[in-house]
Amino acid sequence: MAPLNLKGIVLVGGPSVGTQFRPLSMGVPKPLFPIAGSPMIYHHINALAKVQGMKEILLVGFFEKEVFDGFLAQVQMEFNFISIRYLREYQSLGTGGGLYHFRDEILRGNPDRFFVLNADIACSFPLEGMLAFESQKNAVGILMGIKVDRKQVTKYGCIVLNQETAEVLHFVEKPETVLSDVISCGIYLFSKEIFTVMGEAIESARAKALEDGVYDVAPISDSRPSLLSSGTEERIRLEHDVLSSLATRKKLYCYVGVQGRDFWMQLKTGSSTIPANRLYLQHFKVNQPRRLSQLPTPTSTTLPAPGTPASSGVVQPVYIHPSAIVHPSARIGPNVSVGPRCVIGRGVRVKDSIILDNVEIKNDSCILNSILGWDSRIGAWSRVEGAPGESLQLNATYKGMKIPSACILGRSVTVADEVAIRNCIVLPHKELKTSFHNEILM
């Protein structure tokens with residue numbers, strides 16, 4: 001059987017007006033923030049490129065085209081057997097509106113199926129498993145689901161399944177009550193018929209708006225499928241407007257990720273990148289060990305004698321960029337990513353952290369559960385420490401105090417010698433000469 005003709009779409013969104021990812025999004029657009037040594041959406045592209053039959057990958061969003069030029073040049077060189085392009089929306093059209101607007105580009109080349117991936121997720125991306133699952137179903141859409149603690153269900157799209165057939169009986173975005181412990185991961189596999197369903201959803205929304213007298217509604221035009229009318233934006237949401245309709249038609253099925261093998265998490269806040277970094281690195285340790293830094297793990301029998309050279313102490317999984325300099329006595333890991341041109345000094349301890357480009361950490365300092373922004377400087381005998389674990393809160397503060405989560409330093413932050421920064425968010429270009437705890441430093 002010949003392989004399917006496939007395409008992949010990554011929905012990258014647009015410049016955020018919110019503050020959930022700041023100050024990290026002040027230095028780089030959120031989809032390009034490095035996690036486990038690579039930009040966030042590189043992991044999506046890498047997974048799509050490995051699927052047999054993949055012909056083209058499209059990034060769809062509302063960022064200026066120049067934002068992705070450098071990134072696209074790099075990934076196109078690495079994956080030179082696949083076309084990779086960016087399609088810019090004329091305005092923010094929502095998760096479904098962007099797909100419908102560029103339907104001619106997506107259908108060019110007559111693909112049999114196409115994947116749609118949200119950018120703000122970290123995942124093992126079991127795309128081949130979804131394809132094999134789809135071949136057994138008469139479906140217009142397959143979505144990936146994963147089981148979570150029932151206390152978290154109301155934060156996501158909830159899926160009620162037929163346990164025998166995996167047909168989606170009911171799909172509710174952020175339900176008020178717990179309906180199931182399976183949630184949507186924002187990863188979809190569609191056939192071409194999905195655009196018919198989208199068109200009907202748009203027409204239905206326009207008819208309702210006209211009936212309610214919200215504004216004058218112009219008919220959809222094939223030449224300009226605009227969702228604007230009289231200067232008013234109308235967006236179509238893939239999860240709310242399309243998937244619910246598919247479920248009603250009995251054309252939507254769910255591939256549930258395998259527990260213990262597949263992982264998934266949402267990337268909404270800056271602090272969420274640390275558990276995402278850990279998940280990717282742990283995944284690489286088992287499935288792609290060559291992506292980790294192959295340095296000796298320190299033991300009591302391998303510590304260097306005085307005056308003799310030695311390798312850096314690494315507790316896997318760890319990614320260290322080849323251009324970074326790490327002192328032999330430093331202890332790095334587990335779950336640490338170190339970016340280009342970093343300098344890590346004598347006796348430094350780094351654990352569960354992301355160290356971005358051009359950071360210098362002087363001797364005997366300790367970095368735990370933290371993100372150090374580009375070009376930052378950490379003095380000797382200093383400590384930068386966030387709260388361990390993953391905070392599920394989307395707000396940074398509660399009753400005037402910072403909610404315990406990762407400690408985040410923005411770009412070009414300087415921490416003086418013998419200073420402790422605990423559970424803080426520090427905006428760019430700050431110089432910290434005294435210790436701070438549980439604060440947002442503007």
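None of the values given here were measured: they were computed from a predicted structure. (Residues numbered from 1 in each chain as written. Predicted model: local features only at pLDDT ≥ 70, side-chain atom pairs only at ≥ 80, totals over all residues. Heavy atoms only, no water.)

### Here's the deal with the packing of aromatic side chains
So, step 1. For the coordinates displayed, the defined rule picks out 13 aromatic pairs.
So, step 2. Their ring planes at 15 degrees and their centres at 5.5 Å tell us that phenylalanine 114 and phenylalanine 195 sit as a pair that is stacked. Taken together, the positions of phenylalanine 114 in strand β6 (residues 113–118) and phenylalanine 195 in helix α6 (residues 194–212) put the pair 81 residues apart, joining distant regions of the chain. Residue phenylalanine 114 shares its accessibility class with phenylalanine 195, and that shared class is buried.
So, step 3. Ring pairing ties together the aromatic residues Phe114, Tyr188, Phe190 and Phe195, which thus form one cluster. (Phe/Tyr/Trp six-rings, centres within 6.5 Å; stacked < 30°, edge-to-face > 60°. Helix = DSSP H or I, 4+ residues; strand = E, 2+ residues; numbered from the N terminus. Buried < 20%, exposed > 50% of the residue type's maximum accessible area, 1.4 Å probe, protein only.)

### Regarding the environment of tyrosine 86
So, step 1. Considering the arrangement of structural elements, one finds tyrosine 86 in strand β5 (residues 83–88).
So, step 2. On the accessibility criterion, tyrosine 86 (10% relative accessible area) is buried.
So, step 3. Considering only alpha carbons, one finds tyrosine 86 and leucine 58, 28 residues apart in sequence, at a separation of 5.7 Å.
So, step 4. In this view, tyrosine 86 contacts Val12, Leu59, Val60, Gly61, Phe62, Phe63, Glu64, Lys65, Phe68 and Leu72; residues no more than four positions away in its chain are not counted. (Contact = heavy atoms within 4.5 Å.)

### Overview of the confidence of the model for the protein chain
So, step 1. Here the protein chain averages 85 in pLDDT, while 85% of its residues score no lower than 70.
So, step 2. In the model, residues 216–234 has pLDDT below 50 throughout and makes 44 contacts with residues more than four positions away in sequence or in other chains.
So, step 3. Scored below 50 in pLDDT, residues 299–311 makes 6 contacts in the model with residues more than four places away or belonging to other chains. (pLDDT = per-residue confidence, 0-100.)

### Notes on the sheet that holds strand β37 (residues 440–441)
So, step 1. Ordered in space as β17-β20-β23-β26-β31-β34-β37, the 7 strands form an open sheet in which the pairing is parallel. Two strands close off the open sheet at either side, each with one partner strand: β17 (318–320) and β37.
So, step 2. Where strand β26 (residues 370–372) meets strand β31 (residues 407–409), 3 bridges bridge the pair, whose relative direction is parallel. Counted as the bridge partner of serine 370 is cysteine 407 from β31. (Pairing = 2+ DSSP bridges.)

### Some points on the sheet that holds strand β24 (residues 360–361)
So, step 1. Taken in spatial order, the 6 strands line up as β18-β21-β24-β27-β32-β35 in an open sheet, and their pairing is parallel. If you trace the sheet from one side to the other, it starts and ends with β18 (325–326) and β35 (431–432), each paired once.

### Looking at the pairing of strand β11 (residues 182–190)
So, step 1. Burial of β11 is extensive: 9 of the 9 residues sit out of reach of the surface.
So, step 2. As paired strands, β6 and β11 are joined by 4 bridges and run antiparallel to one another. If you follow valine 116 over to β11, its bridge partner there is tyrosine 188.
So, step 3. Where strand β8 (residues 141–147) lies against β11, 6 bridges are found, and the strand directions are antiparallel. What sits directly across from lysine 147, in β11, is valine 182.
So, step 4. Two elements, strand β9 (residues 157–161) and β11, share 2 bridges in a ladder whose sense is antiparallel.

### Points about the nonpolar core
So, step 1. One finds Phe33, Leu59 and Phe115 to be the most contacted residues of the largest nonpolar core, which totals 73 residues.
So, step 2. Residues Phe102, Leu143, Phe195 and Leu246 belong to the second largest nonpolar core, which totals 34 residues. (Core = buried A, V, L, I, M, F, W, Y, C linked by side-chain atoms within 4.5 Å.)

### Observations regarding the pairing of β6
So, step 1. Among the 6 residues of β6, 5 are classified as buried, and the element is accordingly described as predominantly covered.
So, step 2. Relative to β6, strand β1 (residues 6–13) runs parallel, the two sharing 6 bridges. Bridging from a neighbouring strand, leucine 11 pairs with asparagine 118 of β6.

### Let's talk about the side chain of serine 272
So, step 1. One can find serine 272 in the loop between β15 (264–266) and α8 (273–287).
So, step 2. Given the relative accessible area of 6%, serine 272 is considered buried.
So, step 3. Setting aside anything within four residues of it in sequence, one finds serine 272 in contact with Met265, Gln266 and Leu267.

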